[in-house]
Each structure stands twice: as C-alpha cells, then as structure tokens.
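Each chain is listed here by its residues.
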Amino acid sequence: MRHIREGFKNIGRNGWMTIASVGAVTTTLILVGAFLALMLNLNEMADNIEDDVQIDAMIEQTADEEQIQNLGNEIEKINGVQSAVFSSKDDQLNSLIDSMGENGQAWQMFEQDNPLNHVFVVKTADPQDTAPVAKQINELQGIQSVNYGQGVVEKLFEFNSYARTIGLVLILGLVFTAIFLISNTIKITIMARSKEIGIMKLVGATNGFIRWPFFIEGLLLGVLGSIIPVAIILTGYYYLVNNISQHINYSFIEILPFNPFAFQLALIIVAIGALIGVWGSVMSVRKFLKV
Amino acid sequence: MILMKDVHKTYANGVVALSGINVDIKQGEFVYIVGPSGAGKSTFIRLMFREVKPSNGTIRINDINVNDLKERKVPYLRRNIGVVYQDFKLLPKLSVYENVAFALEVIEESPAVIRKRVMEVLDLVGLKNKARFLPDELSGGEQQRVSIARAIVNHPKIVIADEPTGNLDPETSREIMKIFEEINDRGTTILMATHSKEIVNTFRKRVIAIEDGLIVRDEHRGDYGYES
Ligand SMILES: Nc1ncnc2c1ncn2[C@@H]1O[C@H](COP(=O)(O)OP(=O)(O)O)[C@@H](O)[C@H]1O
Ligand SMILES: [Mg+2]
C-alpha cells in the first residue's frame, strides 16, 4: 500500500519527465497497436486464402461427355487430390454473375451463348500441393488450361513477411526509446530522493522495500501510456469493422470481428505498456539505486 | 559485543584508512574515538554497520560476523545499530514526528507500535511539544535531538555517532551529551567520534585514539590528549 502511494507521489513530482515518458509510451503503443491489427488481419487473410485455394481445370470445348467422365477419373487418381467436382459452363456463368454483384448484370447477355468452359473444381488435401497438382492436370489430354490463382498466395505471404520485418524493426526501436525515457524518469526520481534513500538504508530498510515504489512508478507510467492507444484501438477498429469492410467486396478480405479481437488487442497493448514501464524502472534501479 | 581483529581498510583509490585495528568493546560501554582529521575515525565507525567493508581482518557485532554477512542481511544488522551524524540527515519536508516515525515505517513496524515508540523517544529527547514542527523551524541542537530520537526509536543495542556535536555550540553540545549519557544509562553501547576536547575532558569515558589508521591509545576514563 505504501509502495503504491509512493509510486503515485513520484509521478506527481516529476511533471515534465512524466509527460514525456508517458507520451513516448503512448506513441509507441499506438504504432504497435496499428501494426498488430494489420499483421494479425493479414495473417488471417492468408490463412483464409490458403484454405480456399482450388484449381479450376478448364475442359476443352470439344470434349464430349465420355471424355469428361474419363478426365474426372484421371484427375482423382493424381496424388494429393482430395476432390474433383464437375461444374458446367452454366454453373460457372451463374456463379460469376453472383460474385460480380451489380456489375454482374452485364454478363447476363452471355446466357444464350456462353463463352465459358466446363470446369473441374479440384481441391488438394494440402494447399502446398496446389501448384504441382495443377501442373499435372494441365498436362492431361482434354484440359485447356488450369487456373489456381498462380502466385497470389505466395505474394501475400511474401508481403506479410516484409511487413513483419519492417514493422518489428520500427517497433523495437520505439519500444527501446520508450524504455530509455522511462528509465531516465525513474533515474530523476532516484536522484531527487537520494537523501531519503540514504536514510532508509541507514535505518535498515530492506532493498526490496526501497525498490518497490520505483517499480510501481514505472508500471504506472507504462499503463498510463496505454490509455490513449487502447481508446484509439477500440474506437478505430470499431469504425473500421462497421464502415470500411462494407465497401470491400473481395471475398477473401474478411477482417477479424471487433469482439473479441479488439479487446484482445487492447489487453496486449496494456501488457506491453506495463512491460515497458517495469523494464525501464528495473534498468534504472539496477544502475542508480545501488542497493 | 563489538570485536575487531587486525582490521585493515584500503579504499578503492589506494588510500589506506585503517591498518590493523584491534578493539573489544563490551555491552553498555561509552567510547570516544579521537584523533586528528583524516586519521580514520569515520572509516572505523562506518565499518560497524557495513557502510564500508574491511579489506582484511574480522569484525564481530553481537556475535554476528559482519565481514561475510550476506547483502540481504545487512538491513537487519542496521536495525540493531542507531546512527547519528554531524549534519543530522533529517528530511526537510517531514515534521519532527514524521522524521522519527520514518525509521520505523520503512522497516514495516505496525502503526500502533510506531505511535507509541515515537512519542516515547520524543519525550526522552525533550521534543514532545515540537512534534509537528519542520526541521527548518528548529535550532541546530533540536535538530540533532530529532536525529538522536530517530537513531534510538527502534531500541538498538548500539548507537554510533560521528561528530554529533561538530555543528553545535558548547552549551548545546553539553545538552546533547546528557542525552547520550541517558541513553547509555539504559544499557545502550555508545561509540562516538569527536573532535571536542571539552566534551571528552568533561564527560569522562573510555577514549580510543586513532592516528594514521592505528590505535595509539586506549584508556578508560581517558582525556582528549590533543591540543584542540
Ligand atoms: N570513500 C572514500 N574513498 C577514498 N578515500 C576515503 C574515503 N573515505 C575516507 N577516505 C580517506 O581515508 C582516510 C581516513 O578518512 P576518515 O575515516 O574519514 O578519517 P576521519 O574521520 O578521522 O577524518 C582519509 O585519508 C580519507 O581521505
Ligand atoms: Mg570523519
């Protein structure tokens, strides 16, 4: 109890340094929050796409029913194929029209003279097998071409890994700046209270007792710094989910739902703030308290 | 009670402060440490509560070996030793009462015990009616009495004072000495480094004279022995 009271007192005493270090934590955590929201959503999307990968094997226009039957059997025999479902060119046109929404109207004129192919929709047991399986299907007699979103998944993963590296470097830099500022604030407190600390040692206060208020001060600085970021994350993500997502029609872009994602993110932000604060005070206490 | 055997102290910068100290001080004794400036008196005193560590030799206090006492046990050693300095070391923003209570609060004594003991010692040093004053509102002698009250509030067996009258006039010094005598009469061992010929020669006690890091004289009811 005394430690908590002393911790609060310290914060009140160092006005400007307190504001500077809380500000640094705030900036850091806003960026950490935005970055985490982006990364976690991108990861989720990549997972979704991976699950959705399918191979559209287009059948040559000239193929007759028997040939199509045989093709189906051959495809199912290929290693790694989970299922091969026939989809007629009319099904294809309908689903195309559906997926286009309002723009789909234009395609209805093709209903009489459908330019599309019959298709085998092939799924592999393991998404990683998609490319080799597609290649094998493509070599079969009677297949005109295969389409499996060549490279899209790979590109997304590649983008993710770049974004992650750049983000991590940026955020580590900010986190260390925030830790440094906090440790400086605590250092000032320690200096300002050196006489008091000296007397505490003289009369036999334990080291743990002397250190506690400084840990609490650090913890408070970190947690105070997380208030604004948490507010921004909660409101920002709420608007994102409710407004932006309505305007995006690509099926694979599906952002994580507000509840529980935004709350989990807020919790992580507070935890990182607390960690920055405690870490900063530990550094300072080790260096300057000498107890 | 306090036993030193062949104690040496060389500071990190190479200065030899003590070079072979042997003493045996019994419970309840009152001992002056005298000697010229730079002789090693403060070093001698600071060894007692592990403010400095000896380079060589052994120090035993109440059968505790102070040399190899673990860091985390040092606070408990200090709870048995009250320390008084020349410059009082009071916290300026705390009242007389709070300054004394501080010593018990930081060792997590219960509020009831704190209240009782603080009032007792303030009574002993004659400052009961100034409990609410700030240090700045007191004379030097009164401030030193507050620091003595803080040193004894936890009922230590030993009180150590480094030139406690160094900043005080002779009349005030005598009043402070009477308080130390009273504490000593209750059975507390007192070790006092001092430069005051007048005090040593008026209040006759055991005198240990240190010169150049060595004990050159140790006599009961001794005199100051130097021209002040
Ligand atoms: N912390 C220290 N570091 C280095 N030298 C010191 C330190 N404290 C005291 N000394 C030196 O040790 C010697 C003894 O000092 P001290 O014990 O303070 O003597 P006294 O109290 O008798 O004047 C002096 O030469 C002093 O300069
Ligand atoms: Mg001295």
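Residues numbered from 1 in each chain as written. Chains lettered and ligands numbered in written order. Predicted model: local features only at pLDDT ≥ 70, side-chain atom pairs only at ≥ 80, totals over all residues. Heavy atoms only, no water.

Participant: I keep staring at the site of ligand 1 and nothing clicks. Help me out?
Facilitator: All names here are of chain B. The full set of residues close to ligand 1 is Y11, N13, V15, A17, P36, S37, G38, A39, G40, K41, S42 and T43. In the environment of ligand 1, an oxygen atom lies 3.3 Å from a nitrogen or oxygen atom belonging to the backbone of A39. Contacts to ligand 1 include T43, whose side-chain N or O atom sits 2.5 Å from an oxygen atom. The protein chains hide 65% of the 560 Å² of surface that ligand 1 would expose on its own. If you tally residues by element for the shell around ligand 1, the top one is helix α1 (residues 41–48), at three residues. Of the residues contributing to the shell around ligand 1, the split by class is five nonpolar, six polar and one charged. (Near = heavy atom within 4 Å. Polar contact = N/O pair within 3.5 Å; in protein donor to acceptor, adjacent residues only side chain to side chain. Areas by Shrake-Rupley, 256 points an atom, 1.4 Å probe, with all protein chains shown as cover. Helix = DSSP H or I, 4+ residues; strand = E, 2+ residues; numbered from the N terminus. Nonpolar A, V, L, I, M, F, W, Y, C, P; charged D, E, K, R; others polar.)

Participant: Would you take a moment to explain the interface of chain B and chain A for this structure?
Facilitator: How big an interface is tends to be stated in terms of accessible area lost as the parts join. With 18 residues of chain B at the interface, the matching set in chain A holds 12 residues. Carbon and sulfur atoms supply 67% of the area buried between chain B and chain A, which totals about 1,400 Å² over both sides. Contact with chain A buries area across many residues of chain B, yet R78(B), F102(B) and V106(B) alone supply 35% of it, more than any other trio. One can count zero salt bridges joining chain B with chain A. When contributions to the side of chain B that touches chain A are tallied by element, the ones reaching two or more residues are α2 (74–78), β6 (81–85) and α3 (96–105) of chain B. When its residues are assigned to classes, the side of chain B that touches chain A shows 12 nonpolar, no polar and six charged. (Contact = heavy atoms within 4.5 Å. Buried area = accessible area lost by both parts, 1.4 Å probe. Salt bridge = Lys/Arg side-chain N within 4 Å of Asp/Glu carboxyl O.)

Participant: Would you take a moment to explain empty space enclosed by the protein for this structure?
Facilitator: Rolled over the atoms, a probe sized like a water molecule indicates the empty space that remains. If you walk through the whole model with that rule in mind, you get two cavities of 30 Å³ or more. Put simply, the largest cavity is a space of about 120 Å³. Along the wall of the largest cavity there are 14 residues; nearest its centre are V203(A), I81(B), G82(B), R150(B) and A151(B). When residues of the lining of the largest cavity are traced back to their parent elements, those giving at least two are β6 and α5 (140–152) of chain B. Estimates place the volume of the second largest cavity at around 70 Å³. Lining of the second largest cavity is provided by R2(A), E6(A), R193(A), E196(A), I197(A), M200(A), I210(A), P213(A) and F214(A). Elements represented by at least two residues in the lining of the second largest cavity include exactly α1 (2–13), α7 (194–202) and α8 (207–225) of chain A. Grouping the amino acids of the lining of the second largest cavity by side-chain chemistry returns five nonpolar, no polar and four charged. (1 Å grid on protein atoms, 1.4 Å probe; cavity = no way out; pocket = protein on both sides within 12 Å on 5 of 7 lines; lining within 4 Å. Points joined across faces, edges and corners; volume = space filled by probe spheres on them.)

Participant: Just to check I follow, could you spell out the packing of α1(A) against α8(A) for this structure?
Facilitator: Helix-helix packing is described using two parameters, namely the angle between the two axes and the distance between the axes. All names here are of chain A. Interhelical geometry of α1 versus α8 gives an angle of 55 degrees and a closest axis separation of 8 Å. One finds that α1 runs oblique with respect to α8. For the pair α1 and α8, the crossing hand works out as right-handed. Only F209, W212, P213, F214, I216, E217, L220, L221 and L224 of α8 make contact with α1, whose side of the interface consists of R2, H3, I4, E6, G7, F8, N10 and I11. Residue composition of the contact of α1 with α8, grouped by class: 11 nonpolar, three polar and three charged. (Axes fitted to C-alpha atoms, helices over the stretch in contact; angles between N-to-C directions. Parallel < 35°, antiparallel > 145°, perpendicular 65-115°, else oblique. Left-handed = near helix turned anticlockwise from the far one by under 90°.)

Participant: What am I meant to see in a nonpolar patch on the surface here?
Facilitator: All names here are of chain A. Among the surface-exposed residues, L172, F176, L275, W279 and M283 lie close enough to one another that they form a single nonpolar patch of about 510 Å² accessible area. When residues of the nonpolar patch are traced back to their parent elements, those giving at least two are α6 (152–192) and α10 (258–289). Turning to its location among the elements, L172 is positioned in helix α6. (Patch = residues over 30% accessible without salt bridge, like charges linked within 9 Å, V, L, I, M, F, W, Y side chains within 5 Å.)

Participant: Teacher, can you tell me more about unusual backbone geometry here?
Facilitator: Glycine aside, a negative phi is what most residues show, and trans is what most peptide bonds show. Residues and elements named next belong to chain B. You will see that R50, though not glycine, has its phi angle at about 60 degrees, which is positive. Following the sequence through the fold, R50 ends up in the loop between α1 and β4 (56–61). By relative accessible area, R50 is classed as buried at 6%. Although it is not a glycine, D212 adopts a positive phi angle of roughly 50 degrees. Among the structural elements, D212 can be located in the loop between β9 (206–211) and β10 (214–219). What makes D212 exposed here is its relative accessible area of 70%. (Buried < 20%, exposed > 50% of the residue type's maximum accessible area, 1.4 Å probe, protein only.)

Participant: Is there a simple way to think about the domain arrangement of chain A in this case?
Facilitator: If you check the domain split of chain A, you get domain 1 (2–49 + 155–288) and domain 2 (54–148). Each of domain 1 of chain A and domain 2 of chain A was reduced to a C-alpha centroid, and the two centroids are 51 Å apart. (Domains from an automatic or database assignment.)

Participant: Is there a simple way to explain helix α6 (residues 170–185) of chain B in this structure?
Facilitator: Structurally, the α-helix is built with 3.6 residues per turn, so residues lying three or four positions apart point the same way. Residues and elements named next belong to chain B. For α6, spanning 16 residues, the distance from its first C-alpha to its last is 22 Å, which sits close to the expected 22 Å at 1.5 Å a residue. Among the residues making up α6, those that are buried are T172, S173, I176, M177, I179, F180, I183 and N184. End-on, the buried residues of α6 take up no more than an arc of 155 degrees, which puts them together on one face. Looking at α6, the residues exposed on the side facing more than 90 degrees away from the buried face are K178 and D185. For α6, the side-chain oxygen to backbone nitrogen distance between the N-cap and E171 is 3.2 Å, and the N-cap itself is D169. Trailing α6 by a residue or two, G187 shows a phi angle of about 105 degrees, which is positive. (Expected span 1.5 Å × (residues − 1). Arc of directions from axis to C-beta.)

Participant: In this structure, what is going on with the nonpolar core? I would like to understand it.
Facilitator: A general trend in soluble globular proteins is that nonpolar side chains are found buried together. Counting 89 residues, the largest nonpolar core has Y32(B), L122(B) and F180(B) as the members making the most contacts within it. Per-element accounting of this core gives the leading share, nine residues, to α10(A). Not counting residues within four places of it along the chain, the set of residues in contact with L122(B) comprises V96(B), Y97(B), V100(B), L127(B), K128(B), A131(B) and A149(B). (Core = buried A, V, L, I, M, F, W, Y, C linked by side-chain atoms within 4.5 Å.)

Participant: Where do I start with the pairing of β9(B) in this structure?
Facilitator: Within a regular strand, the side chains alternate between the two sheet faces. Residues and elements named next belong to chain B. Counting buried residues along β9, five of its six residues qualify, which places the element largely inside the surrounding structure. Both strand β3 (residues 30–34) and β9 contribute to a ladder of four bridges, which runs parallel. For I33, the partnering residue across the bridge sits in β9 and is I208. Where β9 lies against β10, five bridges are found, and the strand directions are antiparallel. Bridging across to β10, E211 finds its partner in L214. The turn joining β9 and β10, which pair antiparallel and follow one another in sequence, is formed by two residues; a positive phi near 50 degrees is taken by D212. (Pairing = 2+ DSSP bridges.)

Participant: Got a minute to help me understand the layout of surface pockets in this structure?
Facilitator: Approximately 480 Å³ is the volume attributed to the second largest pocket. Together, 19 residues line the second largest pocket, and R13(A), R193(A), E196(A), L91(B) and L94(B) are the ones closest to its centre. When residues of the lining of the second largest pocket are traced back to their parent elements, those giving at least two are α1 and α7 of chain A together with α3 of chain B. Residues of the lining of the second largest pocket, tallied by class, amount to seven nonpolar, one polar and 11 charged.

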